[in-house]
Amino acid sequence: MTPAIQFQRLSKKFKLNPTRARSFQERLVRWRAGSATQEFWVLQDINFEIQPGETVGLIGPNGSGKSTLLKLISRIIDPSSGKVTTHGRIASLLELGAGFHPDLSGRENIFLNASILGIPRPVIRRCLDDILDFAQVGPFIDVPVRNYSSGMAMRLGFAITTTLDPDILLIDEILAVGDHNFQRKCFDRLETLRARGVTTVLVSHTLEQVQQLCRRAIWLDKGRVRADGDAEAVISMYLDAERASGYRRYLPKIKRGMEGITRGGTYQAEIVAVELLDAQGQPREIFETGEFFCLRIHYCTQAPVTDPAFGMAFYRSDGLHLNGPNTAAAGLRIPVIDGQGYIDYIVEQLPLTTGRYEIAISIHSSDLATGYDYHHRLYSFDVRDRRAHPELGVVHISARWRHAPEAPAPQ
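Residues numbered from 1 in each chain as written. Predicted model: local features only at pLDDT ≥ 70, side-chain atom pairs only at ≥ 80, totals over all residues. Heavy atoms only, no water.

Across the 11 residues of strand β19 (residues 355–365), nine count as buried, placing the element largely inside the fold. In the sheet, strand β15 (residues 308–316) pairs with β19 via nine bridges, with the strands oriented antiparallel. The residue bridging Ala-309 from the neighbouring strand is His-364, located in β19. Pairing geometry for β19 and strand β20 (residues 371–384), over nine bridges, is antiparallel. Across the sheet, His-364 pairs through a bridge with Gly-371, a residue of β20. (Buried < 20%, exposed > 50% of the residue type's maximum accessible area, 1.4 Å probe, protein only. Helix = DSSP H or I, 4+ residues; strand = E, 2+ residues; numbered from the N terminus. Pairing = 2+ DSSP bridges.)

Secondary-structure assignment places Thr-68 in helix α2 (residues 66–73). Classification of Thr-68 by relative accessible area gives buried; the value is 12%. Thr-68 has contacts with Lys-12, Phe-14, Val-42, Leu-43 and Ile-77, leaving out every residue within four places of it along the chain. (Contact = heavy atoms within 4.5 Å.)

Moving on to the sheet that holds strand β9 (residues 224–230). The six strands lie next to each other as β5-β6-β7-β3-β8-β9, forming an open sheet whose pairing is mixed. Two strands bound the open sheet, and with one partner strand each, they are β5 (90–93) and β9. Averaged over neighbouring strand pairs, the angle between their axes works out to 15° when direction is ignored. Of the pairings in the sheet, the one linking strand β3 (residues 55–59) to strand β8 (residues 216–221) comprises four bridges and is parallel in character. The residue of β8 that forms the bridge with Gly-57 is Ala-217. On the sheet, α2 packs against β3, β5, β6 (168–172), β7 (199–203) and β8 and is oriented at approximately 150° with respect to β6. (Axes fitted to C-alpha atoms, helices over the stretch in contact; angles between N-to-C directions.)

The next subject is the nonpolar core. Nonpolar side chains tend to gather and get buried jointly when the protein is soluble and globular. Counting residues in hydrophobic clusters, the biggest one holds 47 residues, and the most contacted among them are Ile-59, Ile-110, Ile-131, Leu-156, Phe-158 and Leu-164. Apart from residues no more than four positions distant in its own chain, Ile-131 is found in contact with Ile-110, Leu-156, Ala-159, Ile-160, Thr-163 and Leu-164. (Core = buried A, V, L, I, M, F, W, Y, C linked by side-chain atoms within 4.5 Å.)

Laid out in structure tokens, this is it:
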């Protein structure tokens, strides 16, 4: 079988200039002074194949070369050495607004994108209703794209590229912009494309998305392929490496078909790790009734997020909602989060009785208008009541009994 995508000893370097010369004279002076241009190898000796119909996730830290790899596949840039070979029509979602002319309306951009892909206008007209229905931009379809929000641009771009029947689909972190319901639609559409044999390459820092959508993952690290194989195995290796470097992360097990139900948000702030800790700060999966319990939520942001709130909810394993505290209701105001950090939810004496419990966690704006990241019942733990006579029910109510016998009535 001919590979849909093939990399053969491919390397890519960029030239780094501290400052750009503003004139021919300045360029001449730098040349005479021997001001050397630095070279940075973003990819080195990449060799792998992707077969038709495969859905492959590219994972790795920032700067590892993932986005560059997609740009090489889509011919936006050329390799410095080696070659990449593709077979089939390529559609790309590499960044918001890419391929859109800002002065044209959404409708006009649909025809523009289709013409770039070489699709005849009669075919576009037949697909137009499907694109409009999926994008859900309403009357804004006839408004210049420059007036679109990031979510509207993403919805229209995704609708165009996935409706026009590509052979190879490239996606770079674009799904993080959509809301909860639209992400569910995107995942359903990608499942349909996979069933039809479309080759998909997905770049995402959200490993749950890779685990949900991809059977295979490729881990890039410092421009080289660190691991290539079964998605869950490669993700596990990647997380082990992160833990070894001192950054702990809990990746919940997600059943296929559940992404979008179990997680959603804008991802401007992400829940990247969750720990359940005992009084000594050690991770635990089983606690005792009345024992110290700490839930530690690690977060990460790409830019400052002002006035956030952290929330959680306890559920019994059968779905009974027990409690739903959050920092705003508790009076803990957090002015801003920027970069990495964590927040603890501490219970001095765990009031739950014997059973299995699940936890939902969220980061949202304090006014509840924006949900940044929401993990619905992705974390679980067990409680054991080891007393001689365990209580029945769901919660242990801290109380005491008192007996006051009355004196017998006089005869």
